[in-house]
Structure formats: structure tokens, C-alpha cells
Amino acid sequence: MKDNLVAFFEDNFVGLNDAKVSIMCHAFMYGTAIFEGIRGYYNSSHDTVYLFRLNEHIQRLLENIKILRLEVKYTQNDIYQLIVDLVNKNNPKEDIYIRPSVYNSAKKIGPGLGTINPSDLSIFMIPFGDYFNANSGLKVHVSSWRRVEDNAIPARGKIVGAYANTALAKGDAQASGFDDCIVLTESGHVSEGSAMNIFLVKHGKLITSSITDNILEGITRDTVIKLAKSELNIETIDRTIDRSELYLADEIFFCGTGAQITPVLNVDNRKIGNEKVGLITARIQEQYLKTCRGELNKFKDWLTPVKSTSQVH
Ligand code: PMP
């Protein structure tokens with residue numbers, strides 16, 4: 001991969017180091033941007049990077065920008081092609097993470113969303129390995145911070161400003177010696193992890209928090225539900241979850257683009273199951289990673305292959 005990675009910024013491909021917003025940018029001052037996180041998996045035997053569920057990520061981005069009344073001149077297909085071109089230009093031979101953002105680029109004081117919101121699309125990509133050490137499993141606590149409510153900052157919007165909530169929750173978990181945390185809704189029910197969705201295994205069934213419990217409706221969450229049904233014949237129950245159900249679960253795992261499938265082995269100093277990676281978690285993790293790396297023919301529709309170019313641009 002090139003030393004100075006290429007990014008897409010203000011309608012052009014430029015060096016990542018040159019892609020800089022003004023300190024007066026509305027999104028910088030008030031968090032008024034919507035973003036996505038997409039993974040690309042490098043398969044060395046195919047010499048190809050597989051972008052995972054690219055269309056679904058772009059679709060979610062283009063839906064969510066309505067919340068902040070942002071508009072972008074690029075279509076779904078344009079953004080798809082820009083991301084493929086960006087990956088081609090950087091020519092990675094390792095796993096990557098891609099971050100498109102649509103942001104309010106007005107340079108004005110005052111948080112108001114005017115009738116005309118100048119907005120821009122930026123996209124960068126970086127090499128990216130594991131977000132967590134997925135094999136050893138996590139020790140987490142229930143955060144004293146609550147997930148942002150839908151009527152405060154909608155969590156499903158993937159709004160940049162809402163991630164101050166994530167930073168407080170994750171930051172305090174780490175400062176207290178935990179790997180991560182589980183956040184509750186204001187009504188005290190399980191919402192999700194700091195930046196990932198959560199699944200419990202109980203009596204051989206999967207349970208995940210409902211989309212009305214202030215979660216981001218994760219693409220990995222949807223993938224897990226589909227893989228569990230199709231490959232393991234396990235149904236997922238999607239409902240409100242009590243905090244104490246966490247302590248009594250047989251297995252717990254987080255899922256997300258960054259987190260992939262990460263076992264949670266201890267919550268609030270209580271062992272989950274026998275504190276070892278559970279059988280169902282392990283099977284879902286295996287299916288998920290094989291799917292992402294293009295090793296299962298069945299789910300090829302979820303992958304956008306970007307073949308390596310031999311020369312470095
Ligand atoms: N919840 C939050 C708050 C997140 O930031 C993420 C990561 N995007 C997720 C859940 C998982 O979503 P996805 O599977 O679409 O990456």
C-alpha cells in the first residue's frame with residue numbers, strides 16, 4: 001500500500017494528509033455529520049480485497065443523512081464506484097477499514113440547520129486489523145452512561161456528535177480496567193455495546209435487543225441473524241432485554257463491522273457461562289469470517305471484489 005494513502009475529499013482524490021476541513025466547519029464544531037464504517041478483507045490466495053455489504057452501508061448512509069437534513073449530490077452508484085476506485089488507487093494487500101462521511105460543511109457560527117445545508121462527502125481508508133483480540137473474549141461492565149435516546153440524538157442515525165456518548169462509555173470502561181461496556185437505555189434495558197450490537201445465547205436460542213431500544217441497526221447484526229438461521233438453523237428473538245438477563249446468559253457476543261464477532265466472557269464481574277468462548281459464538285464467528293473473506297460461495301452477493309492491480313499507482 002502507498003505511504004501517502006489516497007482519500008476522496010471535496011470532489012477529488014487527494015493525499016490523505018491533504019484532506020483537511022476548516023476549524024470553522026459546522027460538522028467539526030457541532031458534530032453534524034453522518035458516517036459509515038466498512039471493512040475490506042484481503043484474501044491473499046485470490047489477491048483480492050472483498051468489501052463487505054458495501055451497498056447496504058451506502059444505503060444506510062444515504063437514508064441517515066435525512067435526519068440532519070443533509071443532501072449529497074452523489075447517488076448510491078456514484079458512491080459505490082468512488083469507494084471501489086479509492087480501494088483500487090490504494091491497492092491494499094491487507095485488511096482495510098473505509099470511512100465515508102457526509103458532513104455539514106457550512107462555515108458559520110450557530111448550530112442551526114439552515115434551509116440550505118452545504119454538505120460534502122469525504123472517504124478515507126486505512127489498513128485495519130482486529131479491533132478486539134477476538135479469541136480471548138472480553139471482560140465488560142454495564143456503563144453508568146446511558147445510550148443517547150431517540151428523541152435526543154437518534155442512535156440509528158450514526159451521527160458523529162452521538163459518538164461523544166460512546167467515547168464517555170468506552171473511555172470510562174477502559175479507565176476502570178474493563179475492555180468495553182454494555183450501555184442501557186434510559187428505561188434500564190440493554191441497548192448495545194459501545195460501538196457494536198449485542199447477542200445473548202440462552203437455551204440454544206439467540207436474543208438481540210430490539211431496534212427500538214436505541215441501537216444502531218447494525219449490518220453485522222443482520223448478517224448474524226441470517227447466518228444463524230441459514231447455517232446453524234438457529235432463530236433470533238429480537239426483543240427488549242433486561243439487565244439481569246445478561247448475568248444469566250449462556251453466552252454473549254458483540255458484533256459490528258469493527259468488532260466482527262467478539263465473545264464477552266464476563267459482565268460486571270460475573271462469569272458468563274463457564275467463562276470460555278461458547279459453542280454457538282464460535283460457530284457464528286467462524287461462519288462470519290469465512291463469509292467476509294470470500295470463502296463461502298453461498299454469500300458472495302454480500303461481497304464486492306476489488307482485484308489487486310500489480311503496479312502501485
Ligand atoms: N452500534 C454502534 C453504536 C456502532 O457504532 C456500530 C458500528 N457501526 C454498530 C452498532 C454495529 O453496526 P455495523 O454492524 O453496521 O457495523
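Thresholds applied
- Residues numbered from 1 in each chain as written.
- Predicted model: local features only at pLDDT ≥ 70, side-chain atom pairs only at ≥ 80, totals over all residues.
- Heavy atoms only, no water.
- Near = heavy atom within 4 Å.
- Polar contact = N/O pair within 3.5 Å; in protein donor to acceptor, adjacent residues only side chain to side chain.
- Areas by Shrake-Rupley, 256 points an atom, 1.4 Å probe, with all protein chains shown as cover.
- Nonpolar A, V, L, I, M, F, W, Y, C, P; charged D, E, K, R; others polar.
- Phe/Tyr/Trp six-rings, centres within 6.5 Å; stacked < 30°, edge-to-face > 60°.
- Helix = DSSP H or I, 4+ residues; strand = E, 2+ residues; numbered from the N terminus.
- Buried < 20%, exposed > 50% of the residue type's maximum accessible area, 1.4 Å probe, protein only.
- Axes fitted to C-alpha atoms, helices over the stretch in contact; angles between N-to-C directions.
- Parallel < 35°, antiparallel > 145°, perpendicular 65-115°, else oblique.
- Left-handed = near helix turned anticlockwise from the far one by under 90°.
- Contact = heavy atoms within 4.5 Å.
- Disulfide = S-S within 2.5 Å.
- Core = buried A, V, L, I, M, F, W, Y, C linked by side-chain atoms within 4.5 Å.
- Domains from an automatic or database assignment.
- Buried area = accessible area lost by both parts, 1.4 Å probe.
- Salt bridge = Lys/Arg side-chain N within 4 Å of Asp/Glu carboxyl O.

**Observations regarding the site of the ligand**
Then, number 1: In the region of the ligand, 15 residues are neighbours, and Lys158, Tyr163, Glu192, Thr220 and Thr257 sit closest.
Then, number 2: Between the ligand and the protein, one listed contact pairs a nitrogen atom with a side-chain N or O atom of Lys158 at 2.7 Å.
Then, number 3: Contacts to the ligand include Tyr163, whose side-chain N or O atom sits 2.5 Å from an oxygen atom.
Then, number 4: The fraction of the free accessible surface of the ligand (380 Å²) that becomes covered by protein chains is 95%.
Then, number 5: For the shell around the ligand, the per-class residue count stands at five nonpolar, six polar and four charged.

**Here we look at the packing of aromatic side chains**
Then, number 1: Following the criterion strictly, the structure yields nine aromatic pairs and no others.
Then, number 2: Relative to Phe128, the ring of Tyr97 lies with its centre 5.0 Å away and its plane at 40°, an arrangement referred to as tilted. You can see Tyr97 sitting in strand β6 (residues 96–104) and its partner Phe128 sitting in the loop between β7 (119–127) and β8 (138–146), a full 31 residues away along the chain.
Then, number 3: Looking at Tyr97, the relative accessible area reads 11%, which means it is buried.

**Examining the packing of helix α2 (residues 54–64) against helix α3 (residues 76–90)**
Then, number 1: Direction vectors running N to C along α2 and α3 enclose 125°, while the axes themselves pass 10 Å from each other. Between α2 and α3, the angle falls in the class oblique. Along this stretch, α2 crosses α3, giving a crossing that reads as right-handed. Between α2, through Leu54, Asn55, Ile58, Gln59 and Leu62, and α3, the contact on the second element is made entirely by Gln76, Ile79, Tyr80, Ile83 and Val84.
Then, number 2: Each residue belonging to the contact of α2 with α3 can be placed in one class, and the counts come to seven nonpolar, three polar and no charged.

**Observations concerning the state of the cysteines**
Simply put, the disulfide is a covalent bond whose two ends are the sulfur atoms of two cysteines.
Then, number 1: According to the stated counting rule, one finds zero disulfides in the structure shown.
Then, number 2: Counting only cysteine sulfurs, Cys255 is the nearest neighbor of Cys181, a cysteine outside any disulfide, at a range of 15 Å.
Then, number 3: For Cys181, a relative accessible area of 0% translates into the label buried.

**Section: the nonpolar core**
Then, number 1: Core analysis: the largest hydrophobic core is formed by 32 residues, its most contacted members being Leu51, Ile83, Ile98, Leu121 and Ile123.
Then, number 2: For this core, the leading source of residues is α3, giving six residues.
Then, number 3: Split by domain, the residues of this core number at least three in each of domain 1 (6–127) and domain 2 (138–292).
Then, number 4: Setting aside residues no more than four positions away along its own chain, Ile98 makes contact with Glu36, Gly37, Ile38, Leu51, Ile83, Val87, Ile123, Phe124 and Met125.
Then, number 5: Core analysis: the second largest hydrophobic core is formed by 22 residues, Cys255, Ile280, Cys292 and Trp302 among them.

**As for the domain arrangement of the protein**
Then, number 1: Domain annotation of the protein identifies domain 1 (6–127) and domain 2 (138–292).
Then, number 2: Here the C-alpha centre of domain 2 lies 26 Å away from the C-alpha centre of domain 1.
Then, number 3: Counting from both sides, the interface comprises 19 residues of domain 1 and, opposite them, 21 residues of domain 2.
Then, number 4: A combined buried area of about 1,700 Å² lies between domain 1 and domain 2, and 62% of that area is made up of carbon and sulfur atoms.

**Focus: the pattern of salt bridges**
Then, number 1: Inspection of every chain in the model, using the stated rule, returns 17 salt bridges.
Then, number 2: A salt bridge links Lys73 to Asp11; the shortest N-O distance between them is 3.1 Å. Linking Lys73 in the loop between α2 and α3 with Asp11 in the loop between β1 (6–9) and β2 (12–15), this pair joins segments that are 62 residues apart in sequence.
Then, number 3: With a relative accessible area of 34%, Asp11 lands in the partly exposed category.
Then, number 4: Between Asp180 and Lys170 there is a salt bridge, with its nearest N and O atoms 2.7 Å apart.

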